[in-house]
Amino acid sequence: NSIGNGDAFPPEEFSDLCRRLHPRLDCRRMRHYDNATESVTLASLHEFCTSHDHHRANTNNGTSTSIRVAYLHSKGSYHSHEKQRPWRRELTASSLHPNCIHPPNDACDVCGAQHYTVWGSMFPGNMWTARCSYIRKLLPPVEGGEYEMRREASIGEFFLLRAEGVLENTLAFH
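Scope of this entry: the structure provided in the associated data block. (Residues numbered from 1 in each chain as written. Predicted model: local features only at pLDDT ≥ 70, side-chain atom pairs only at ≥ 80, totals over all residues. Heavy atoms only, no water.)

1. Details of the overall build of the protein
Then comes step 1: Each helix and strand in the protein was counted, giving six helices and seven strands.
Then comes step 2: Walking the protein from its N terminus toward its C terminus, one meets helices and strands in the order β-α-β-α-β-β-β-α-α-β-β-α-α.
Then comes step 3: At a minimum sequence separation of 6, the contacts of the protein that also span at least 24 residues come to 58%.
Then comes step 4: Counting only carbon and sulfur atoms, one obtains 52% of the accessible surface of the protein, whose full area is about 11,600 Å². (Helix = DSSP H or I, 4+ residues; strand = E, 2+ residues; numbered from the N terminus. Contact = heavy atoms within 4.5 Å. Areas by Shrake-Rupley, 256 points an atom, 1.4 Å probe, with all protein chains shown as cover.)

2. Focus on helix α2 (residues 38–51)
Then comes step 1: The end-to-end C-alpha separation of α2 is 20 Å, in line with the 20 Å expected for 14 residues at 1.5 Å each.
Then comes step 2: Of all the positions in α2, only Ser39, Val40, Thr41, Leu42, Ser44, Leu45, His46, Phe48 and Cys49 are classed as buried.
Then comes step 3: Buried residues along α2 sit against β1 (2–3), β2 (32–33), β5 (68–71), β7 (128–131), α5 (132–135) and α6 (146–163). (Expected span 1.5 Å × (residues − 1). Buried < 20%, exposed > 50% of the residue type's maximum accessible area, 1.4 Å probe, protein only.)

3. What to know about the pattern of salt bridges
Then comes step 1: In this structure the tally under the stated criterion is three salt bridges.
Then comes step 2: The salt bridge partner of Arg31 is Glu47, with a shortest N-O separation of 3.5 Å. Taken together, the positions of Arg31 in the loop between α1 (11–21) and β2 and Glu47 in helix α2 put the pair 16 residues apart, joining distant regions of the chain.
Then comes step 3: For Glu47, a relative accessible area of 42% gives the class partly exposed.
Then comes step 4: Note that Glu146 and Arg150 form a salt bridge whose closest N and O atoms lie 2.6 Å from each other. With Glu146 and Arg150 both in helix α6, this residue pair falls four residues apart, about one helical turn. (Salt bridge = Lys/Arg side-chain N within 4 Å of Asp/Glu carboxyl O.)

4. Some words on the nonpolar core
Then comes step 1: Among the nonpolar cores identified, the biggest contains eleven residues, and these are Leu42, Leu45, Phe48, Cys49, Val69, Tyr71, Phe123, Trp128, Ala130, Cys132 and Ile135.
Then comes step 2: Contributions of two or more residues to this core are made by α2, β5, β7 and α5.
Then comes step 3: In terms of residue count, the dominant contributor to this core is α2 (four residues).
Then comes step 4: Here Trp128 is in contact with Leu42, Leu45, Val69, Ala70, Tyr71, Ser95, Val110, Cys111, Phe123 and Ile135, once residues within four sequence places are set aside. (Core = buried A, V, L, I, M, F, W, Y, C linked by side-chain atoms within 4.5 Å.)

5. Points about the sheet that holds strand β6 (residues 110–111)
Strand pairing in a sheet takes place through backbone hydrogen bonds and is either antiparallel or parallel in direction.
Then comes step 1: If you trace the three strands from one edge of the open sheet to the other, you get β5-β7-β6, paired in antiparallel fashion. The open sheet has two edge strands with one neighbour each: β5 and β6.
Then comes step 2: Strand direction decides the pairing type here: β6 and β7, joined by two bridges, are antiparallel. Across the sheet, the residue bridging to Val110 is Ala130, located in β7.
Then comes step 3: Its contacts with the sheet put α2 on β5 and β7, and the angle it makes with β5 is roughly 175°. (Pairing = 2+ DSSP bridges. Axes fitted to C-alpha atoms, helices over the stretch in contact; angles between N-to-C directions.)

6. Some remarks on the side chain of Thr92
Then comes step 1: Looking at where Thr92 falls in the secondary structure, it is placed in helix α3 (residues 84–95).
Then comes step 2: In this structure Thr92 comes out as buried when scored by relative accessible area, which is 16%.
Then comes step 3: At a separation of 2.9 Å, a polar atom in the side chain of Thr92 contacts the main-chain carbonyl oxygen of Arg88.
Then comes step 4: Apart from the residues within four sequence positions on either side, Thr92 is in contact with Leu72 and Met127. (Polar contact = N/O pair within 3.5 Å; in protein donor to acceptor, adjacent residues only side chain to side chain.)

7. Some points on the state of the cysteines
Then comes step 1: Considering all chains together, one arrives at two disulfides under this definition.
Then comes step 2: The disulfide partner of Cys49 is Cys132, and the gap between their sulfur atoms is 2.2 Å. Residues Cys49 and Cys132 are joined through a disulfide that is left-handed, its torsion about the S-S bond being -60°. Of the two residues, Cys49 sits in helix α2 while Cys132 sits in helix α5, which places them 83 residues apart along the sequence. Each member of the pair, Cys49 together with Cys132, is buried. (Disulfide = S-S within 2.5 Å.)

Here is the structure:
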């Protein structure tokens, strides 16, 4: 999906950019939104993974593996400062690393930079690669749905624990 200025990144250039990032990627621009949040892209990704049987045969040993999808975006492009560009590039490179795209034993469900499990499973910067078989198990990230209600509740709980001095936020740039 793309959000914002549709002319800034023409659809015909999307696949070319994708192949420059990684020659074996199959990137698809699904929809364009003039104004939206990341939830529309996460919902499209969830819909993609749940709408088909996304397995491919492994010709080496006769098994099948789940297709992997990557969630990447222009992190920090609206609030650009000197720390955003290298962080965005590192998040992208980590999510597209060969060990994320093609892990050695296919045991990893989701992969990216800086995976945290302290307050819940999260990747700061929210860029990652995941198996469709894993994505299908998650709540659909639909605005107004159960996913959004749980997300808002967890954010509220985080700020409450922080205000009570139980947690210290070390994820933000200072």
